[in-house]
There are 4 protein chains.
Amino acid sequence: VKLWGGRFEESVTETVERFTESISFDKELYRQDIMGSKAHASMLAKQGLVDNSDRDKILEGLSEIQRLIENGEFKWRADREDVHMNIEAALTDMIGEPAKKLHTARSRNDQVQTDFRLWCRDAIDRIIPCIAHLQVALVTLALKNEGLIVPGYTHMQRAQPVLLQHHLLAYVEQLERDIGRLVDCRARLNFCPLGACALAGTGLPIDRFKTADELGFSAPMRNSIDAVSDRDFVVEFLSANSIIAVHLSRLGEEWVLWASEEFGFITPSDSVSTGSSIMPQKKNPDPMELVRGKSARVIGNLVTLLTLCKGLPPSYNRDLQEDKEPVFDSVKTIVGMLEVSAEFAHNITYNKERIYRALPAGHLDATTLADYLVKKGIPFRTSHDIVGRSVAFCVSRNCQLKDLSLDELRSINPVFDEDVYEYLGVENAVKNFCSYGSTGSECVASQMDDWVRKLNIEGI
Amino acid sequence: VKLWGGRFEESVTETVERFTESISFDKELYRQDIMGSKAHASMLAKQGLVDNSDRDKILEGLSEIQRLIENGEFKWRADREDVHMNIEAALTDMIGEPAKKLHTARSRNDQVQTDFRLWCRDAIDRIIPCIAHLQVALVTLALKNEGLIVPGYTHMQRAQPVLLQHHLLAYVEQLERDIGRLVDCRARLNFCPLGACALAGTGLPIDRFKTADELGFSAPMRNSIDAVSDRDFVVEFLSANSIIAVHLSRLGEEWVLWASEEFGFITPSDSVSTGSSIMPQKKNPDPMELVRGKSARVIGNLVTLLTLCKGLPPSYNRDLQEDKEPVFDSVKTIVGMLEVSAEFAHNITYNKERIYRALPAGHLDATTLADYLVKKGIPFRTSHDIVGRSVAFCVSRNCQLKDLSLDELRSINPVFDEDVYEYLGVENAVKNFCSYGSTGSECVASQMDDWVRKLNIEGI
Amino acid sequence: VKLWGGRFEESVTETVERFTESISFDKELYRQDIMGSKAHASMLAKQGLVDNSDRDKILEGLSEIQRLIENGEFKWRADREDVHMNIEAALTDMIGEPAKKLHTARSRNDQVQTDFRLWCRDAIDRIIPCIAHLQVALVTLALKNEGLIVPGYTHMQRAQPVLLQHHLLAYVEQLERDIGRLVDCRARLNFCPLGACALAGTGLPIDRFKTADELGFSAPMRNSIDAVSDRDFVVEFLSANSIIAVHLSRLGEEWVLWASEEFGFITPSDSVSTGSSIMPQKKNPDPMELVRGKSARVIGNLVTLLTLCKGLPPSYNRDLQEDKEPVFDSVKTIVGMLEVSAEFAHNITYNKERIYRALPAGHLDATTLADYLVKKGIPFRTSHDIVGRSVAFCVSRNCQLKDLSLDELRSINPVFDEDVYEYLGVENAVKNFCSYGSTGSECVASQMDDWVRKLNIEGI
Amino acid sequence: VKLWGGRFEESVTETVERFTESISFDKELYRQDIMGSKAHASMLAKQGLVDNSDRDKILEGLSEIQRLIENGEFKWRADREDVHMNIEAALTDMIGEPAKKLHTARSRNDQVQTDFRLWCRDAIDRIIPCIAHLQVALVTLALKNEGLIVPGYTHMQRAQPVLLQHHLLAYVEQLERDIGRLVDCRARLNFCPLGACALAGTGLPIDRFKTADELGFSAPMRNSIDAVSDRDFVVEFLSANSIIAVHLSRLGEEWVLWASEEFGFITPSDSVSTGSSIMPQKKNPDPMELVRGKSARVIGNLVTLLTLCKGLPPSYNRDLQEDKEPVFDSVKTIVGMLEVSAEFAHNITYNKERIYRALPAGHLDATTLADYLVKKGIPFRTSHDIVGRSVAFCVSRNCQLKDLSLDELRSINPVFDEDVYEYLGVENAVKNFCSYGSTGSECVASQMDDWVRKLNIEGI
């Protein structure tokens with residue numbers, strides 16, 4: 001009954017069958033498996049290894065199987081072990097003899113790698129637009145809040161005033177690098193293992209360049225043993241996903257904090273909030289908590305793959321069957337995280353009044369004042385010390401730097417002049433920034449323009 | 001429509017609903033959820049918070065729901081979010097008003113923790129017998145191969161001869177500690193969070209000792225905030241599973257190696273082997289490769305949990321919803337790994353002839369010879385050197401230590417005497433071991449007896 | 001020159017020596033190594049394997065070496081590879097021939113395991129008091145702030161009012177379980193591998209019970225192969241540390257947030273804060289940020305160990321040399337995290353005035369109001385809905401529940417009565433809690449008493 | 001005393017100082033820190049923010065400090081916290097007032113990022129040649145063993161015969177992708193954060209393009225907040241290292257196995273082997289065991305970084321100080337693993353005679369026989385079955401396929417013809433492979449030529 005029947009006298013036990021089956025999850029690869037088989041069959045025909053009539057039956061049969069699967073009419077069978085054997089056996093049931101030629105000059109070892117590389121390539125092509133979509137959502141949110149100043153933090157302590165647009169663009173930059181990593185990963189994985197067969201290639205006159213080309217690969221892989229044994233493309237893909245996940249976890253942390261009563265900087269709409277089964281007043285930013293939380297499983301999946309591959313004996317080992325579920329889960333999770341983050345971005349209101357009232361606290365203009373002193377010729381270390389004492393003076397008076405009179409300032413250091421007030425207060429502080437990449441209004445406007453153009457965002 | 005309807009004006013978007021739902025996986029908790037609700041309802045009635053007639057309707061309704069679920073007739077609804085709300089809402093559909101009293105003095109925060117602790121406890125109670133079952137399989141395998149000597153390895157290099165029984169009991173010992181860890185974990189998690197409500201407890205006159213008792217917990221948890229926010233019991237459980245997984249991965253590595261052509265020490269039966277879709281002669285020990293491989297996901301799941309909990313703000317956060325799938329997956333995987341390892345053990349034949357022929361290689365008696373010299377009064381370091389030179393001599397002659405004549409031995413060092421031959425050869429080497437815990441025949445026989453008794457193994 | 005000189009014709013290359021040496025880190029084990037060698041030598045003498053005069057020279061020599069090491073006068077040599085060979089070779093340099101007998105009936109395989117188990121046992125004995133010390137610091141902090149009500153959070157949203165004491169005791173509970181895990185781990189690792197030798201035991205008449213006893217172990221390990229090959233005790237120890245680390249990371253997150261301008265609930269003293277090299281006004285809670293951050297390396301170390309052991313071939317492999325650095329680092333990190341957390345606790349001031357002003361926001365008494373309705377006989381689900389609408393009413397009026405007049409309340413539902421005001425406001429809310437483990441004043445007072453007694457805290 | 005003295009009234013406690021210091025490890029960055037400071041000072045002078053005479057004093061002072069450090073004459077001070085403050089403060093001690101201007105328009109937040117990116121870039125530039133060096137060693141080893149056929153494995157079971165050259169080139173391919181990942185990572189990280197200051201940029205007229213250019217960066221980073229808060233480049237670097245580590249762990253596993261008595265395919269020279277302290281006959285391939293083992297710490301370091309960054313609040317947090325040690329350790333480990341693997345490759349002898357004797361076992365020509373049948377027009381599935389039965393026949397006779405007479409073969413299936421013997425036996429099997437990337441002699445020769453040329457390997 002089994003595909004390797006020839007020299008086997010007994011079937012595997014039920015426990016073994018249940019433990020080793022992969023059909024429950026690798027059917028996810030059906031589309032890629034059929035695509036690969038079609039390219040393989042066409043190549044076999046071109047090379048004279050099957051005749052054209054058999055090829056046509058195979059191609060039609062595979063199309064029909066795809067139709068059945070997509071209509072939910074295909075019967076997956078655990079005793080047929082995996083997606084490859086399910087489809088091939090169904091094809092045999094359907095068209096008979098010609099189906100037995102399909103597995104010529106290939107093995108499941110190269111077949112599954114081909115399917116999986118195609119699947120990962122498709123997944124990357126699905127994730128990148130989701131990232132871009134979130135970038136658009138963030139830039140759109142920034143556009144809606146032009147001119148809004150928020151506290152910038154380091155160590156969760158207020159540091160300097162920044163434009164919200166500048167703050168949001170930091171995430172956009174990170175996401176742009178995330179795309180870059182996926183693009184690099186895609187290019188590196190896009191080589192075709194098909195024809196490596198079990199591990200050594202074949203003596204039959206196949207044309208690997210043809211199948212590679214038909215499947216959109218850059219070229220066939222150069223070494224058949226490498227082709228069936230390495231999974232570095234999977235680890236690289238999961239690493240790229242993990243970095244995205246970490247970026248989103250930090251966005252999640254920010255929005256959860258900013259939605260708290262204590263910050264109160266944003267209000268998510270009811271449509272992205274949930275309540276409590278016991279506390280009637282609650283409104284929770286659950287989606288972003290889950291974004292933060294789900295980053296953990298993306299990281300866990302990466303660890304699974306690394307641990308899986310570590311120390312494996314050379315070439316293909318059955319352990320490698322375990323490479324798929326972590327990837328399927330990681331992709332599904334990342335897509336969900338990206339989508340829901342974009343949705344959240346579209347449903348946030350910044351509480352301008354509350355933010356405005358909050359700005360005076362924290363002496364956000366202290367560094368600008370130090371810059372002022374530098375411009376007056378005071379060495380920075382000395383300026384830092386003078387401003388430090390000025391802040392201490394304010395703390396003791398419970399006031400802001402801009403509330404100090406010139407006399408008071410001069411009592412700390414005589415260098416202060418009337419023009420100091422052009423540097424105090426958060427608006428002045430923001431206005432004074434001018435370095436490339438800074439939060440200065442012009443720098444930010446220019447960055448915003450670049451992103452609006454790059455992301456093709458229509459005016460809002 | 002939603003349970004927190006009161007102050008909400010909009011439903012969540014479809015993207016958010018899909019992303020935040022947990023019913024697709026937390027329905028796994030249905031049995032524990034119903035058990036918890038029954039105990040809670042009984043307690044509420046005893047405390048006069050619901051009347052007995054309402055309680056009875058609740059209990060009957062819950063039993064009916066359990067019946068429906070177990071018959072596959074229950075309709076899980078994603079818009080009802082999770083297992084708790086699905087069951088409570090179904091109860092309301094079924095019995096009306098009394099169901100609305102069930103959520104008195106509890107929150108989903110304490111409810112899910114109660115369910116999950118019960119589930120983990122049940123899982124531990126399922127895993128421990130699987131471990132014991134594998135211990136039995138290993139001891140049985142040892143009993144079948146009494147007296148068989150195999151090479152003992154360090155650094156994958158042959159080191160000393162050991163009895164196979166001794167070698168297999170090493171795994172039995174490891175599994176015994178694995179049970180110990182689970183037992184400790186079970187005791188530590190077996191405290192009842194129910195009644196902690198959202199996080200602060202309640203002002204209603206509940207009796208937490210009664211529910212704890214009815215659910216088989218040692219006591220209620222002492223601090224309500226701790227009860228809803230910590231997941232250390234999950235991490236401890238996943239750690240214990242990870243250690244089991246590592247132990248099994250090493251057993252897998254051994255059996256995969258020993259089944260290779262090069263070792264050839266064991267032959268797994270066809271019923272636990274699989275073949276190749278391309279190479280007709282192959283017979284692969286797939287189950288044990290997968291055991292080795294699946295250890296990776298158990299470790300990955302642990303990393304997920306640790307990363308999930310790391311740095312979370314105090315008390316309950318929605319991130320914690322992510323605590324369940326890694327545990328469900330870990331338990332399913334561990335149970336499968338244990339079962340299939342036991343099955344494999346039952347289907348191994350040791351190739352005694354081949355092992356016997358292999359034993360001479362590797363100078364496994366060299367250390368015994370050094371012990372001989374120590375007994376003759378030579379300091380160990382000097383003995384080590386003498387034997388080292390004797391081995392070098394053998395290597396140059398391509399012979400075994402026992403093949404050397406007394407004259408040859410004496411040419412290396414005059415201390416050798418006729419009785420040296422009682423120490424040479426692997427049988428003599430094994431015979432000479434006598435320290436507690438060693439591979440000496442009597443020591444091993446005594447250990448075997450202890451395990452046979454402890455594991456209640458009948459004569460084979 | 002090398003210890004295995006006998007059959008070797010070449011020294012290892014410099015690259016190999018540098019890559020494989022362990023003396024740069026395993027000298028950390030010197031104290032345990034000497035302790036183990038002394039016990040071993042005494043046993044050998046008792047068993048007649050060395051004579052008493054040699055034993056005395058060995059013991060004296062080892063004491064002298066310990067003295068030299070502790071005075072920084074010992075010369076560690078990389079060409080002597082590891083701590084064991086450094087000490088043994090130095091002993092040989094010092095006392096000559098008798099030293100060559102010390103390695104009788106042991107191998108570095110069992111020796112290093114003995115040293116390392118002793119080291120881990122000592123480390124546990126160092127960590128547990130640090131945990132207790134932090135518990136004391138937290139309870140002391142709680143004692144200093146009796147009666148202080150703070151917002152309790154779920155989802156970082158205000159949920160219900162809780163007593164600060166209750167909130168802090170949640171951490172104390174977690175730390176108590178952390179101790180429990182270490183105690184269990186200690187008991188499980190406290191078995192003696194010495195005498196397992198390379199992997200098979202020995203034919204020399206040693207007494208493993210004597211060495212085990214002298215070194216404070218419960219008993220010798222039962223199986224020599226298990227003794228040299230398993231590292232599950234290390235993984236268990238690192239898991240226990242990881243859970244501690246996660247607990248502390250959450251404490252860190254809390255204190256960092258509460259020290260922010262937005263929360264403003266705590267002020268750390270200058271003595272546990274740091275400033276900025278550029279922003280003169282900054283005061284950052286760095287130690288607790290680092291506590292949060294350093295949890296990551298404790299987790300990373302655990303992953304290192306699990307990945308290290310996964311899939312290793314049976315018995316001892318040189319890979320296992322890598323088991324030590326992660327443990328040394330983990331222990332040092334955990335001790336530092338515990339110490340600095342306690343120090344931070346001693347240097348926190350809760351800003352009572354600010355907290356008091358913050359309490360009205362967030363409708364923290366809503367759940368208490370729902371309990372009130374339940375007491376009036378309204379089913380909880382209905383109560384929840386009524387309170388939900390009451391809160392919505394407050395939101396629209398920008399007021400608190402307690403600000404609503406009885407008429408206003410009755411316009412929502414006629415069940416409200418004059419006594420409702422005994423349930424509104426955070427003080428009333430806290431006063432109403434009464435369930436075991438709740439934040440009710442009496443429950444908390446009783447828990448505080450228990451902890452003060454258990455931790456032997458003197459009145460403050 | 002401290003750099004942020006202005007508003008601080010107390011020094012940090014000794015516990016805090018010890019816990020938060022980074023000088024013990026970040027002094028590793030001294031060269032990059034000085035390089036960055038020099039570029040910064042030059043830019044400040046060009047922009048008129050310091051005068052040329054001050055700049056010259058700064059540059060000379062920094063050169064002198066570098067000289068002191070490299071001669072071991074620099075005194076690192078823990079009370080000066082980190083590498084940046086140690087160098088700046090020493091500069092102040094040395095040249096006085098001008099040094100106080102160096103920190104103008106920068107913060108340690110952007111400074112450390114600049115240093116660290118430079119360090120990582122340098123590290124990549126160190127690792128890539130080590131990879132290439134190992135590739136050369138592997139190709140050289142292949143050149144030395146031209147024509148040698150070894151068993152190819154899947155599932156650790158013999159599968160098909162392959163040329164050793166082909167087998168070794170699989171690793172060379174993997175290493176080539178490893179280089180690609182590092183190159184991509186290098187390009188992505190090579191943007192300059194300097195001038196981002198604390199997080200918002202500066203109001204002083206700096207020229208970030210000039211410093212970026214002088215330090216060899218592609219451009220300044222576009223967003224100052226992103227510049228100080230993200231560590232994705234570190235995670236990407238550690239991921240790339242982890243994949244290298246996994247590749248090497250598999251090479252390690254192979255060589256450890258192949259050096260075992262059971263395989264006996266390779267003999268490492270004494271210069272890369274170690275012996276045993278107890279077993280005089282042992283010769284262990286320790287370096288490759290450690291290569292396999294050390295992969296675990298490289299993976300652990302990656303997990304540390306991912307866990308560290310997960311869920312961090314926006315912008316710079318002190319947690320990020322923990323980003324360095326895992327990277328330093330990872331780089332040191334990877335370089336060591338690569339070097340020692342190359343050294344091992346140079347010290348391996350393949351045991352041709354033993355391999356030759358081993359080849360007949362395992363029916364390695366079975367798949368070639370199936371290809372033969374396909375060429376005769378038999379569908380592959382049927383061929384597979386025929387060969388399966390032929391192998392079963394051989395197993396029962398304990399013979400090889402090539403030992404079967406034509407009659408015997410025809411008794412299984414009449415299609416066999418005299419030419420079948422051109423397909424049987426491992427030499428014929430290898431000869432028959434012809435597909436691109438296969439182990440066929442011509443394909444492999446062509447691949448070898450390509451690599452010899454690409455790696456500039458001289459004839460051996």
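Residues numbered from 1 in each chain as written. Chains lettered and ligands numbered in written order. Predicted model: local features only at pLDDT ≥ 70, side-chain atom pairs only at ≥ 80, totals over all residues. Heavy atoms only, no water.

1. Details of the packing of aromatic side chains
Within this structure, the stated rule accounts for 50 aromatic pairs over all chains. An angle of 90 degrees between the planes, with centres 6.3 Å apart, marks the rings of phenylalanine 116 of chain C and phenylalanine 328 of chain C as edge-to-face. Taken as a pair, phenylalanine 116 of chain C in helix 6 (residues 108-144) and phenylalanine 328 of chain C in helix 12 (residues 324-346) lie far apart in primary sequence, 212 residues in all. Judged on exposure class, the residue phenylalanine 116 of chain C and its partner phenylalanine 328 of chain C are both buried. Three or more aromatic residues joined by ring pairs make a cluster, and in this case those are Tyr153, Trp258, Phe263, Phe265 and Tyr350 of chain A together with Tyr153, Trp258, Phe263, Phe265 and Tyr350 of chain C. Across the ring face of phenylalanine 217 of chain A, the terminal group of arginine 121 of chain A is positioned such that the distance to the ring centre comes to 5.2 Å. A cation sits over an aromatic face here: arginine 117 of chain B above phenylalanine 233 of chain B, 4.1 Å from the ring centre. (Phe/Tyr/Trp six-rings, centres within 6.5 Å; stacked < 30°, edge-to-face > 60°. Helix = DSSP H or I, 4+ residues; strand = E, 2+ residues; numbered from the N terminus. Buried < 20%, exposed > 50% of the residue type's maximum accessible area, 1.4 Å probe, protein only. Lys NZ or Arg CZ within 6 Å of the ring centre and 35° of its normal.)

2. Quick word on the relation of the copies chain A and chain C
Least-squares fitting of chain A to chain C yields an RMSD of 0.0 Å, with the superposition described by an axial translation of 0.0 Å and a rotation of 180 degrees. With respect to symmetry, the two chain copies, as superposed, fit the operation of a two-fold axis. (Least-squares fit on C-alpha atoms with pLDDT ≥ 70 in both.)

3. Let's talk about the interface of chain B and chain C
Tallying the contact residues gives 106 residues for chain B and 106 residues for chain C. Around 9200 Å² of area is buried between chain B and chain C when both sides are counted, 59% of it from carbon and sulfur atoms. It is Arg222, Arg250 and Arg381 of chain B that lose the most area in chain B upon contact with chain C, and together they represent 9% of the buried surface on that side. On inspection of chain B and its partner chain C, the count reaches 16 salt bridges. Across the salt bridge formed by arginine 181 of chain B and glutamate 236 of chain C, the nearest N and O atoms sit 2.8 Å from each other. Scanning the region where chain B abuts chain C turns up 65 residue pairs in polar contact (both at pLDDT 80 or more). Looking at the side of chain B that touches chain C element by element, the count peaks at 13 residues for helix 10 (residues 232-258) of chain B. (Contact = heavy atoms within 4.5 Å. Buried area = accessible area lost by both parts, 1.4 Å probe. Salt bridge = Lys/Arg side-chain N within 4 Å of Asp/Glu carboxyl O. Polar contact = N/O pair within 3.5 Å; in protein donor to acceptor, adjacent residues only side chain to side chain.)

4. With respect to the environment of glycine 440 of chain C
Residue and element names in this part refer to chain C. Tracing the backbone shows glycine 440 in the loop between helix 17 (426-432) and helix 18 (441-454). Overall, the relative accessible area of 0% leaves glycine 440 in the buried class. It is 66 Å that separates the C-alpha atoms of glycine 440 and proline 205, two residues lying 235 residues apart in sequence. Other than its neighbours up to four places away in sequence, glycine 440 contacts Leu163, Val430 and Phe433.

5. Focus: the interface of chain A and chain C
The figure often quoted for interface size is the accessible area lost as the parts come together. Every contact between the two is made by 45 residues of chain A and, on the other side, 46 residues of chain C. When chain A packs against chain C, close to 3700 Å² is buried across both sides, 56% of that on carbon and sulfur atoms. The salt bridge involving arginine 158 of chain C is made with glutamate 262 of chain A; its shortest N-O contact spans 2.5 Å. Taken together, the links from chain A to chain C amount to 17 residue pairs in polar contact (both at pLDDT 80 or more).

6. Details of the relation of the copies chain B and chain C
With an RMSD of 0.0 Å, the fit of chain B onto chain C corresponds to turning through 180 degrees and sliding 0.0 Å along the axis. Interface residue correspondence from chain B to chain C reaches 100%, placing this contact among same-surface, isologous pairings.

7. Here's the deal with the pairing of strand 1 (residues 149-154) of chain A
Within strand 1 of chain A, 6 of the 6 residues are buried, which leaves it mostly tucked inside the rest of the structure. The antiparallel pairing of strand 1 of chain A with strand 2 (residues 157-163) of chain A creates a hairpin that spans 2 residues between the two strands, and histidine 155 of chain A there sits at a positive phi of about 55 degrees. (Pairing = 2+ DSSP bridges.)

8. Some words on the pattern of salt bridges
Enumeration according to the criterion identifies 176 salt bridges over all chains in this entry. For the salt bridge of arginine 188 of chain C with aspartate 184 of chain B, the shortest nitrogen-to-oxygen distance reads 2.8 Å. One end of the pair, arginine 188 of chain C, is in helix 7 (residues 164-189); the other, aspartate 184 of chain B, is in helix 7 (residues 164-189), on a second chain. For arginine 188 of chain C, a relative accessible area of 15% translates into the label buried. A salt bridge links lysine 210 of chain D to glutamate 214 of chain D, with the shortest nitrogen-to-oxygen separation between them at 3.1 Å. Placement of both lysine 210 of chain D and glutamate 214 of chain D in helix 8 (residues 208-214) is noted, with a separation of 4 residues, approximately one turn of the helix. In this structure glutamate 214 of chain D comes out as partly exposed when scored by relative accessible area, which is 40%. Here the residues in one salt-bridge network are Arg177, Asp178, Arg181 and Asp184 of chain A together with Arg188, Asp226, Asp230, Asp232 and Glu236 of chain D, joined through shared partners.

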